[in-house]
Amino acid sequence: MADLEAVMDEAGLTNPRVRAFVVEYAELTGAARVEVINASDDARLLEEAVAAGELEEVGEGRYYSRSYHKDTARSEERTVVATSDEKDRGVYNNWRPTSEMKPLLHERMRGASEGRTMYVVPYLMAPPGNPLAPWAAGVELTDTRTVVLHMIRMARVGVQHVNDLEDPDSFVRAVHVTGDLEHLGQGTADDQRWFVTVADERTILHFGSSYGGNALLGKIAHGLRQGAYDGWASRKFLAEQYMLIGIHDKETGRTYHVCGGFPSASGKTNLAMMAAPDALGERYHVSFYGDDIAWLWVDEDTGRLMGMNPEYGVFGVAKDTNERTNPNALASVGEGTDCIFTNVAHNPTTGEVWWEGRTEEKPRDRRGWLDWTGSPVADRKDDDTAPWAHPNSRFTTTLANVPNIAPDYDAPAGVPIDAIIFGGRTRDREPLIRAITDLAEGVYDGLTLGAEATSAAEGKEGVLRYDPMSNRPFMAYGEGDYARHYLDVVGAATDQPIFAHVNWFQRDAEDGHFLWPGYRDNLRPLLWLLRLRDGEVQGRRTAVGIVPTEDELDLTGMDVPAEDLQRILSIDKERWQQEMGFREEHLAQFDRMPEEIWEAHRRVAADLEQED
Ligand code: GDP
Ligand code: PGA
Ligand code: MN
């Protein structure tokens, strides 16, 4: 491609190391053309994508994309962290040596973009000027236009983010090649896909999927796996699968910042987009900083633990999003937002979209509706109960469209963190909220987060599993080293955050109904937590943390049956004692687990014995 240098000249891509990287992979993948992308290319790319049939316009300024039917979620088995040092092997990171994985990926990618355009997407996973910006620059090369359109929504994109790097080499090299999706043997013994982060070379090589979680390399591969590795290697920061919100109390004028990890598809986006319940809306406002990733560090001047969202958009789960559960989410994908829906049901005739839980009943007039596979639902047999939308169908929208976006979400300094919460789908045992004031016990609690797996990963829905800090699919190095690093980073802060474990998903053993209505009402236990931190309530001490008394929880304007409330605020001693045995086995798998974590485990176990 003789004109490649000219293309980069014209696009103003000046970083010589980036240019060399582009040349190397243009040759390897055999792409026919190269295009350098800035965010300002969005409107043109949308038009091209519609003309090529990759996107459909549904209503004014809303777009629809469908993925290949075997390419709808992250693949955890095929995801690998590679380095040259076997000490980086953990239980969950699927560690492999670089010497094995890099040639394998290069072989898969060789010639695989023949005839296609290779898009060069320079990005920054941080607000510009943030102290962690030196680890946030990257360049994704992708051969798929819809991936570019998603990247423009999810990350800050443009050549300025890589041109003026202090060290021109300090960007993440991220290569995405989709491959021939119909012939990759997804999920079989002959699976051709590989999603590899070569962490000690800051290189990401993903082959075989165009689904967001596998293909938007700024997000999960850089924002989580590479970020986590860099944060540890530099001893400077944590990269976590956390949402990050501000809770503003108009009466006292105070704003608190809460971040926290729930496994994929367990409520982070909903919590971050929360509109306060009507009865509390006069006094409180919840603002959105981030819904999926937070990087945390200690400010060198103030000594405070700080957090920021490296992303620029939202990749949210559609299922059950409606006017009652999440009005802000619906507004963020309204007309004129240029949002992209993936794998929901849609009606090309009327320009409507629908997913399970969007409305209580399915649209009555079935004419024109297509399910997520593209089949007309009118042709379905009456007893066909398959969902119209894929359970992991998503919407992608940029932060500016989120109605409750924090005014200072882009501030270089980040925000001070008051509380860190963990949670997940747990149908029993875990109460609504239990607060933990001790750092080691908080970290211990995060490491033993056990929850039901969800549709965000292939083939695991409903299985109970441990998911340390909700990072299991994103762990980049050994879990014991991770625990040590977490204790060191947060422990260095002058003002310790309070920890808590929350569970919005406890169910009735008989009829299976959720014991807590969830969504907007989740603000209530968080307000209790902040009051506890401020010493305004005392709660009830238990072996596994402090739980609210019934009258401490502000339930104004809501109706929870007394027995449900009692259940979600109580501790089932026997179930917890059984759980402690499982936790011991879980923790024992990890090398170099810090002694503080074992001490916390033994302390909780001993306290449980004393509990009546
Ligand atoms: P994320 O992937 O962690 O960001 O999770 P989302 O916020 O996108 O939510 C995943 C799924 O859980 C969606 O189908 C939500 O409707 C549902 N969900 C979120 N919060 C709650 C809650 O408080 N209660 C219940 N029952 N479901 C919830
Ligand atoms: P989620 O997104 O955590 O919002 O589900 C990312 C993913 O896991 O694919
Ligand atoms: Mn989310």
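From a predicted model like this one, the values you see are computed outputs, not experimental measurements. (Residues numbered from 1 in each chain as written. Chains lettered and ligands numbered in written order. Predicted model: local features only at pLDDT ≥ 70, side-chain atom pairs only at ≥ 80, totals over all residues. Heavy atoms only, no water.)

## Digging into the site of ligand 1
Test applied: We call a residue near a molecule or strand as soon as one heavy atom of that residue lies within 4 Å of the molecule or strand. Polar contact criterion, stated in full: a pair of N or O atoms within 3.5 Å, where within protein one must be able to donate a hydrogen and the other to accept it, and residues adjacent in sequence count only if both atoms are side-chain atoms. Note on areas: these come from Shrake-Rupley sampling with a 1.4 Å probe, and a residue is covered only by the protein chains present in the view. All amino acids are sorted into three groups, where Ala, Val, Leu, Ile, Met, Phe, Trp, Tyr, Cys and Pro are nonpolar, Asp, Glu, Lys and Arg are charged, and the leftover types, Gly among them, are polar.
Among the 18 residues in the neighbourhood of ligand 1, the closest are listed as A265, K268, N270, K319 and Y519. Between an oxygen atom of ligand 1 and a main-chain N or O atom of A265, the distance comes to 2.6 Å. Separating an oxygen atom of ligand 1 from a side-chain N or O atom of K268 is a distance of 2.7 Å. Its free accessible area being 580 Å², ligand 1 has 95% of it covered by the protein chains. Here the shell around ligand 1 is composed, by residue class, of seven nonpolar, seven polar and four charged.

## Some remarks on helix α16 (residues 595-610)
An α-helix turns once every 3.6 residues. As a result, residues three or four positions apart point the same way. As a reminder of what qualifies: A run of DSSP states H or I qualifies as a helix once it reaches four residues; a run of E qualifies as a strand once it reaches two. Both are numbered from the N-terminal end. The span you would expect from a helix comes to 1.5 Å times its residue count less one. Accessible area is worked out with a 1.4 Å probe on protein chains only. A residue is then buried under 20% of its type maximum, exposed over 50%, and partly exposed in between. It is the directions from the helix axis to the C-beta atoms whose arc is reported. In what follows, a contact means two residues having at least one pair of non-hydrogen atoms within 4.5 Å.
In a regular helix each residue adds 1.5 Å, so 16 residues correspond to 22 Å; α16 covers 23 Å between its end C-alpha atoms and thus fits that length. Those residues of α16 lying buried are I597, W598, A600, H601, V604 and L608. Here the buried residues of α16 occupy an arc of 160° about the axis, which is enough to place them on one side. For α16, the exposed residues lying more than 90 degrees away from the buried face are E609 and Q610. Structurally, α16 contributes buried residues whose contacts are with α11 (439-447), α12 (479-491) and α15 (573-588).

## Details of the nonpolar core
What counts is decided by this rule: Each nonpolar core is a collection of buried residues, namely Ala, Val, Leu, Ile, Met, Phe, Trp, Tyr and Cys, held together in the definition by side-chain atoms within 4.5 Å.
Ranked by size, the top nonpolar core spans 130 residues in total, and within it V22 and Y486 carry the most contacts. Among residues more than four places away in sequence, those in contact with Y486 are L238, E240, Y242, I420, F422, V443, M469, G491 and F499. Counting residues in each nonpolar core, the second largest holds 58 residues, with I247, V258, I433 and I546 among its members.

## Some details on the sheet that holds strand β22 (residues 394-398)
Each strand in a sheet pairs with its neighbour through backbone hydrogen bonds, running either in the same direction (parallel) or in the opposite one (antiparallel). What counts here: Strand pairing is assigned whenever DSSP identifies at least 2 bridges connecting the two strands. Only the contacting stretch of a helix is used when fitting its axis, a line to C-alpha atoms as for every element, and angles between N-to-C directions run 0 to 180 degrees.
Strands sit in the order β2-β3-β19-β22-β18 across an open sheet of five strands; the sheet is mixed. Looking at the sheet topology across the chains shown, the edges are occupied by β2 (56-57) and β18 (313-317). Here three bridges tie strand β19 (residues 339-342) to β22, and the two strands are oriented antiparallel to one another. Among the inter-strand pairings, F341 is bridged to a residue of β22, identified as F395. Most of the contacts of helix α5 (residues 145-154) go to β22, to which it runs at about 55°, and overall it touches β3 (62-65), β18, β19 and β22.

## Thoughts on α5
Taken across its ten residues, α5 has ten buried, putting it largely inside the fold. By the burial criterion, the buried members of α5 are R145, T146, V147, V148, L149, H150, M151, I152, R153 and M154.

## Some remarks on the packing of aromatic side chains
As a reminder, the rule being used: Only centres within 6.5 Å qualify two rings of Phe, Tyr or Trp (six-membered ring in Trp) as a pair; their planes then separate them into stacked at under 30 degrees, edge-to-face at over 60, and tilted for everything else. Definition used: whenever NZ (Lys) or CZ (Arg) falls within 6 Å of the ring centre and also within 35 degrees of the ring normal, the charge is taken to sit over that ring.
Within the structure shown, the criterion is met by 17 aromatic pairs. The interplanar angle of 65° and the centroid separation of 5.4 Å between the aromatic rings of F21 and Y25 together place this pair among those described as edge-to-face. Of this pair, F21 and Y25 both sit in helix α2 (residues 16-29), four residues apart, which is roughly one turn of the helix. One aromatic cluster is present, formed by Y229, W232, Y477, Y482 and Y486 through successive ring pairs. The lysine or arginine in question, R78, covers the ring of W194, its NZ or CZ lying 4.0 Å from the ring centre.

## Looking at the UniProt feature "binding site: substrate" (unreviewed entry) in the protein chain
Put simply, the rule reads: UniProt positions are given in the numbering used here, feature names are shortened, and annotations may be inferred rather than shown by experiment.
As recorded in UniProt, the sites labelled "binding site: substrate" (unreviewed entry) are R74, Y211, G212, G213, S264, N392, S393 and R394. For Y211, the position within the fold is in the loop between β11 (203-207) and α7 (212-215). Those residues in contact with Y211, other than ones at most four positions away along the chain, are D71, T72, A73, R74, F315, N392 and R394. Note that G213 resides in helix α7. Assessed through its relative accessible area of 7%, G213 is described here as buried.

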